[in-house]
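# Observations on chain architecture
One letter stands for each residue in the lines below.
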Amino acid sequence: MLGWLLVAGMALVVFLLLCLKRCCCSPFGYQQEEYWGRFHASERELFQRTAAAHASLRAADNVERFFGFVSLDAAERAEAEAYAGAAAPVPSADWNRVTGVYLYRENGGVPLYSRLHKWARYHVDNNMEGMVKEMDVLS
């Protein structure tokens, strides 16, 4: 009985420490933490929708190459025409840079909220050397 009380007490202490760490040790204030959460949710949703469309377009392209045609409904055909040529394969180095563990960073005082955000920022700044130096370490 005493052993179970000790285990329960330790679990409670660990839980409380994790809660305090999240609330008190975050590099963000409450509102920035809220923004970061919404940013991640929006980015994740857009990424999943875009990845699904990209995968569908790549699959249709592969099926068309194999059979010489592809059977698409009207909505799929309109999407294929709208994004014709945009479904190029994504290099594995870029996939590795935008997936994996994210460590909070800033670039010139501007917060980078995700690995995809960091990759895009380095890409816009045309700072490939900095991106390779920082991001490949985390991959």
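Use the structure listed above.
## Observations concerning the overall build of the protein chain
- A count of helices and strands for the protein chain gives six helices and two strands.
- In sequence order, the protein chain lays out its α and β elements as α-α-α-α-β-β-α-α.
- Summed over all atoms, the accessible surface of the protein chain reaches about 10,600 Å², with 63% contributed by carbon and sulfur.

## Quick notes on a nonpolar patch on the surface
- A cluster of nonpolar side chains, namely V63, F66, F67 and F69, defines an oily patch on the protein surface of about 490 Å² accessible area.
- Note that V63 resides in helix α2 (residues 30-67).

## What about the pattern of salt bridges?
- In this structure the tally under the stated criterion is three salt bridges.
- A salt bridge links R65 to D61; the nearest nitrogen and oxygen atoms lie 3.2 Å apart. One end of the pair, R65, and the other, D61, are both in helix α2, four residues apart, so they sit about a helical turn from each other.
- For D61, a relative accessible area of 26% corresponds to the partly exposed category.

## Thoughts on the environment of G85
- Examined against the element boundaries, G85 turns out to sit in the loop between α3 (74-82) and α4 (92-98).
- Among the residues examined, G85 registers a relative accessible area of 76% and is labelled exposed.
- Considered as a pair, G85 and R58 are 27 residues apart in the sequence and their alpha carbons are 10.0 Å apart.

## A word on α2
- Taking 1.5 Å as the rise per residue, α2 with 38 residues should run 56 Å; its terminal C-alpha atoms sit 55 Å apart, in good agreement.
- Every buried residue of α2 is accounted for by W36, E43, A53, L57 and A60.
- Packed against the buried residues of α2 are α3 and α5 (115-124).
- Just downstream of α2, G68 is the residue with a positive phi angle, here 95°.

## Some thoughts on the side chain of E43
- Relative to the helices and strands, E43 resides in helix α2.
- Although E43 lies buried, it forms no salt bridge, and the closest oppositely charged side chain, R44, sits 7.2 Å away as judged by the N-O distance.

## With respect to the packing of aromatic side chains
- Within the structure shown, the criterion is met by three aromatic pairs.
- Ring geometry for Y35 against F39: centres 6.3 Å apart, planes inclined by 35°, an arrangement best described as tilted. Remark: F39 and Y35 occur in helix α2; sequence separation between them is four residues, near one turn of the helix.
- With a relative accessible area of 46%, Y35 lands in the partly exposed category.
- Ring geometry for F67 and F69: centres 6.5 Å apart, planes at 50°, overall tilted.
- Ring pairs connect the aromatic residues F66, F67 and F69, which therefore count as one cluster.

Reading the values: rules and limits
- All residue numbers here refer to positions counted from 1 along the written sequence of the relevant chain.
- In keeping with the predicted nature of the model, local features appear solely for residues at pLDDT of at least 70, side-chain atom pairs appear and are counted solely at 80 or more, and the whole-chain, interface and lining totals rest on all residues.
- With hydrogens and water set aside, each side-chain value is computed from the structure's full complement of heavy atoms.
- We count a stretch as a helix when DSSP gives it H or I for four or more residues in a row; a strand needs E for two or more, and each element gets its number in order from the N terminus.
- To be clear on the numbers: accessible area is Shrake-Rupley with a 1.4 Å probe, and residue cover counts the displayed protein chains and nothing else.
- Patch building starts from residues that exceed 30% relative accessible area and form no salt bridge, then joins like charges within 9 Å and nonpolar side chains (Val, Leu, Ile, Met, Phe, Trp, Tyr) within 5 Å.
- The working definition used for a salt bridge is a side-chain nitrogen of Lys or Arg within 4 Å of a carboxyl oxygen of Asp or Glu.
- For every residue, the accessible area (1.4 Å probe, protein chains only) is compared with the maximum for its type, and the residue is labelled buried under 20%, exposed over 50%, or partly exposed between those bounds.
- The length a helix should cover is 1.5 Å for every residue beyond the first.
- Whether two residues are in contact is decided by their heavy atoms, any of which lying within 4.5 Å being enough.
- His is not counted here, nor are the chain ends, while Lys and Arg score as positive and Asp and Glu score as negative.
- Only Phe, Tyr and Trp rings are paired, with Trp represented by its six-membered ring, and only when their centres lie within 6.5 Å; those with planes under 30 degrees apart are stacked, over 60 edge-to-face, the remainder tilted.

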